[in-house]
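# Working through the structure, step by step
Read off the chains here:
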Amino acid sequence: MKLYYDKRLKDPTYYAQQGYRNGKKTTTRNVKNFGKHSELLKITDDPEAYVREEIRKMNEEYRVGRVSYTFTADFNEKVSRSGDRASSPTYTNIGYFFLQDIMKHLELKEFFKQKTADRKVTFDCYTISRFLTYARILDPGSKLDVWNHRDAYYEKPDFDYQHILRFMDLLDDNYDDYLAWLYKNSNSAVKRDSSVLYYDCTNFYFESEQPDEDVVDEVTGEIISGLRKYGVSKEHRPNPIVEMGLFMDRNGIPITMCLHPGNTSEQVTAIPLEKEVLKMTDGARFIYCADAGLGSYHIRQFNSMGGRAFIVTQSIKKLSDTLKEAVFNDCDYRRLSNDTPVTISAMKEFDRFQEKNKGLYNDFAYKVINADRAVDLGLYEEKVLKNGQVKRVKATGKLKQKVIITFSRKMMEYQRTIRQRQVERARKLLANKDPEEIKKGPNDVKRFMKRVTKTKSGEKVTVTYEIDEAKITEEEKYDGYYAVATNLDDSVKDILAVSHKRYQIEDCFRIMKTNFCGRPVNHRLPPRIRAHFLICYTALLAYRLLEAKLDEQKTHITTQDLITTLKNMNVTNVHDVEYMALYNGSKALDALTKLTDLDLDRMHYRPKELIKKIKKILR
């Protein structure tokens, strides 16, 4: 702050004037009125020297963060007018500073600089990339919505909507290089643990009436399959879908992804993407972990080479008769906790309400079955025919592996409770509705209904339905059992611990779909669709890296709490002198403040302070 007065006047008024930079403009404002020269003569012989000393004291207090301002409010004053079609808020978000503090390690500015070095690009790819990623986490919406609300961020980026679309085309052109760059540079933010890689697939449906048509390349004659295709979906929606495959490391942080048409079998997506991972990790050895749908014979065989290993879920129902007999043979079972012998019959019959049996109730029984010589394991592989069609055939050959069978009393009771409720629903449907009108599925209650036909010689056939008790009894045989197949020689407890963490990849899909609103996808062209999911993937990676950094300092914040905190960290401009926080403190904010040196838990901010903070973390 400095002294200001009009030297042309005989009796000037002395002011403390502050200069500041508010965004892109620099200006000044009078923050304190000391009075006229004649009034100050009543308390001092030299008014100018007196005011300069007072301003010096104010500057000292300003340096330590204490400032007193005198403001006047005119309650008749109108809001500033603009030519906008709708009124906009005057607050801006600074919560994205924490996201940028993580994303600076990805060095995306350098990546886009390299990719645009030989191109005449008139827009800032790095800025567009940053704010599309921020928006996907804090305020997910269409690309047009992101552009319309770009002023909601402190930096107020300046780019056109057409630049977003051109950037997405550029991003798709560098699809593989972009994913490899993200993995390589994410190691500087968090040490990546690729000793175990989890793989799974999910589907994103599109609000489209027709799937994409296949296109024939006029030069090569290659058939280019459309991206949006009808396929199997858990949501049973009659819409075209796109399939996404995702690899995740041991800490739950994504490594890479792939996109395929919705009618692609997920089993044929694992090995091609795994080969890309091998390139990214320089052929590192790792354990492939997936569910039963992504554990075909061919995938297991591929992960039995090069020092790699596999842990995949194994369906007990699909085991060969020989192995099923070994599973239900009540011998050689041991407790997982202390490795003492136990029988399945004892696990089923003990009184779980007795205090002495509490440990047994929470424990597992396990058995290891050597399956090296068993060729018929109930495994199948996808075979690509010469006409391009994919056929599901039974796997042949010898596979070195063992099957770990576990049994849990708690899981058995849970499964039987669920089944009992389904049987009751089936009984009600039989009593109140025509079974022919009920849709049937593998997990639907109609599977417990049995169609019975009765007839006498020369009489009309009578069709009735009843509860299939044999079906219920058959399903109860498998209650409480769980199996994984592996070629590792590690301890059973360690192998099961690795398999248990598969839930984290489902959590990645949940975050992408629910918190980041990965759909609806407001694009129809394949390059734009792929670019959209690359942005979603970048947002997921940035969030997971931030979450991992918080875990390193022994702090756990739920996804909803963390995103809500970042979204609500808004500040407002107070008379062009300061920015005042419009948010309160929380455990999430305390954890973020402890993690970084951004110091964003204050009530008041000087404009130049926020500018310095964002410049510090921009790379």
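Here, every reference points to the structure presented above.
Described below are features of the structure shown in this document.

Reading the values: the criteria
Here the residue numbering is sequential within each chain, running from 1 through the sequence in written order. Where totals are concerned, whole chains, interfaces and linings use all residues; where local detail is concerned, this predicted model gives features only for residues with pLDDT of at least 70, and gives and counts side-chain atom pairs only at 80 or more. Hydrogens are left out, water is left out, and the side-chain values use all remaining heavy atoms of the structure. Whether two strands pair comes down to DSSP finding at least two bridges between them. The numbering of helices and of strands both runs from the N terminus, where a helix is a DSSP run of H or I of at least 4 residues and a strand a run of E of at least 2. A patch consists of residues exposed above 30% relative accessible area that lack any salt bridge, with like charges linked at up to 9 Å and nonpolar side chains (Val, Leu, Ile, Met, Phe, Trp, Tyr) linked at up to 5 Å. For accessible areas, the Shrake-Rupley method is used with a probe of radius 1.4 Å. Any residue's cover is judged against the shown protein chains and nothing else. Salt bridge, as used here: a side-chain nitrogen of Lys or Arg that lies within 4 Å of a carboxyl oxygen of Asp or Glu. Counting rule for charge: Lys and Arg are taken as positive, Asp and Glu as negative, and neither His nor the chain ends is counted. All charge positions are set by atom: Lys at NZ, Arg at CZ, Asp at CG, Glu at CD. Partly exposed residues are those whose accessible area sits between 20% and 50% of the maximum for their type, while under 20% is buried and over 50% is exposed, using a 1.4 Å probe and protein chains only. Helix axes are fitted to C-alpha atoms over the stretch in contact, other axes to C-alpha atoms as well, and angles between N-to-C directions run from 0 to 180 degrees. In these notes the angle categories are as follows: under 35 degrees is roughly parallel, over 145 is roughly antiparallel, 65 to 115 is roughly perpendicular, and the rest is oblique. The crossing is said to be left-handed when, going from far helix to near helix, the turn is anticlockwise and less than a right angle, and right-handed when the turn is clockwise. Contacts were defined at the residue level, with two residues in contact if any of their heavy atoms lie within 4.5 Å. In the scheme used here, Gly and all other residues not listed as nonpolar or charged are polar, with Ala, Val, Leu, Ile, Met, Phe, Trp, Tyr, Cys and Pro taken as nonpolar and Asp, Glu, Lys and Arg as charged. Counted as a polar contact is a pair of N or O atoms within 3.5 Å, where, for protein atoms, one must be capable of donating a hydrogen and the other of accepting one, and residues adjacent in sequence contribute only when both atoms are in side chains.

A word on the sheet that holds strand 21 (residues 578-581). Pairing is antiparallel in the open sheet, where 4 strands are placed in the order 4-20-21-22. Each edge of the sheet is formed by a strand with only one pairing partner; in this case those strands are strand 4 (91-93) and strand 22 (604-605).

Let us look at a negative patch on the surface. The grouping of Asp-84, Asp-151, Asp-158 and Asp-160 at the surface amounts to a negative patch. For Asp-151, the location among the structural elements is in the loop between helix 6 (143-148) and helix 7 (161-173).

Extensive coverage of strand 5 (residues 196-205) is indicated by the burial of 10 of its 10 residues. Neither face of strand 5 is left uncovered, since the one carrying Val-196, Tyr-198, Asp-200, Thr-202 and Phe-204 and the one carrying Leu-197, Tyr-199, Cys-201, Asn-203 and Tyr-205 both have all their residues buried. Examined bridge by bridge, strand 5 and strand 10 (residues 287-290) share 3 bridges and lie parallel to one another. Among the inter-strand pairings, Leu-197 is bridged to a residue of strand 10, identified as Tyr-288. Relative to strand 8 (residues 241-248), strand 5 runs antiparallel, the two being bridged by 8 bridges. Of the residues in strand 8, the one forming a bridge with Asp-200 is Leu-246.

So, on to unusual backbone geometry. Of the consecutive residues Arg-519 and Pro-520, the connecting peptide bond is found in the cis state with omega at 5°. Although it is not a glycine, Lys-156 adopts a positive phi angle of roughly 50°. Assignment of secondary structure puts Lys-156 in the loop between helix 6 and helix 7. Phi at Asp-599 is positive, roughly 55°, even though this residue is not glycine. With respect to the helices and strands, the residue Asp-599 is situated in the loop between helix 20 (587-595) and strand 22.

Okay, the packing of helix 17 (residues 503-515) against helix 19 (residues 559-568) next. Interhelical geometry of helix 17 versus helix 19 gives an angle of 40° and a closest axis separation of 12 Å. Considering their axes alone, helix 17 and helix 19 lie oblique with respect to each other. Both helix 17 and helix 19 take part in a crossing whose hand is right-handed. Residues Arg-510, Ile-511 and Asn-515 of helix 17 form the contact with helix 19, whose own contacting residues are Thr-559, Gln-560 and Ile-563. Of the residues contributing to the contact of helix 17 with helix 19, the split by class is 2 nonpolar, 3 polar and 1 charged.

Another aspect to go through is the side chain of Arg-335. Within the secondary structure, Arg-335 is located in strand 12 (residues 334-335). Among the polar contacts listed, one links the side chain of Arg-335 to the side chain of Asp-363, at a separation of 2.9 Å. Excluding residues within four positions of it along the chain, Arg-335 makes contact with Thr-340, Val-342, Gly-359, Leu-360, Asp-363, Phe-364 and Tyr-366.

Looking now at the packing of helix 7 against helix 18 (residues 526-552). Put simply, helix 7 and helix 18 touch, their axes get as near as 8 Å, and they point 85° apart. The angle between helix 7 and helix 18 falls in the class roughly perpendicular. Contacts from Leu-165, Met-168, Asp-169, Leu-171 and Asp-172 in helix 7 reach Pro-527, Arg-528, Arg-530, Ala-531, His-532, Leu-534 and Ile-535 in helix 18. Tallied by class, residues from the contact of helix 7 with helix 18 come to 7 nonpolar, 1 polar and 4 charged.

Under the defined criterion, the tally for this structure stands at 31 salt bridges. A salt bridge links Asp-169 to Arg-528; the shortest N-O distance between them is 2.8 Å. Placement of the pair is Asp-169 in helix 7 and Arg-528 in helix 18, with a sequence separation of 359 residues. A relative accessible area of 28% means that Asp-169 is categorised as partly exposed. Between Lys-616 and Asp-597 there is a salt bridge; the shortest N-O distance is 2.9 Å. Pair noted here: Lys-616 is in helix 21 (residues 607-617) and Asp-597 is in the loop between helix 20 and strand 22, with a separation of 19 residues, a long-range link. Relative accessible area serves as the criterion here: at 56%, Lys-616 is assigned to the exposed category. It is possible to trace a salt-bridge network through shared partners that takes in Arg-416, Arg-419, Glu-475 and Asp-479.

Right, let's talk about helix 20 for a bit. The complete set of buried residues in helix 20 reads Ala-588, Leu-589, Ala-591, Leu-592 and Thr-593. On its buried face, helix 20 is in contact with helix 3 (96-103), helix 18 and helix 19.

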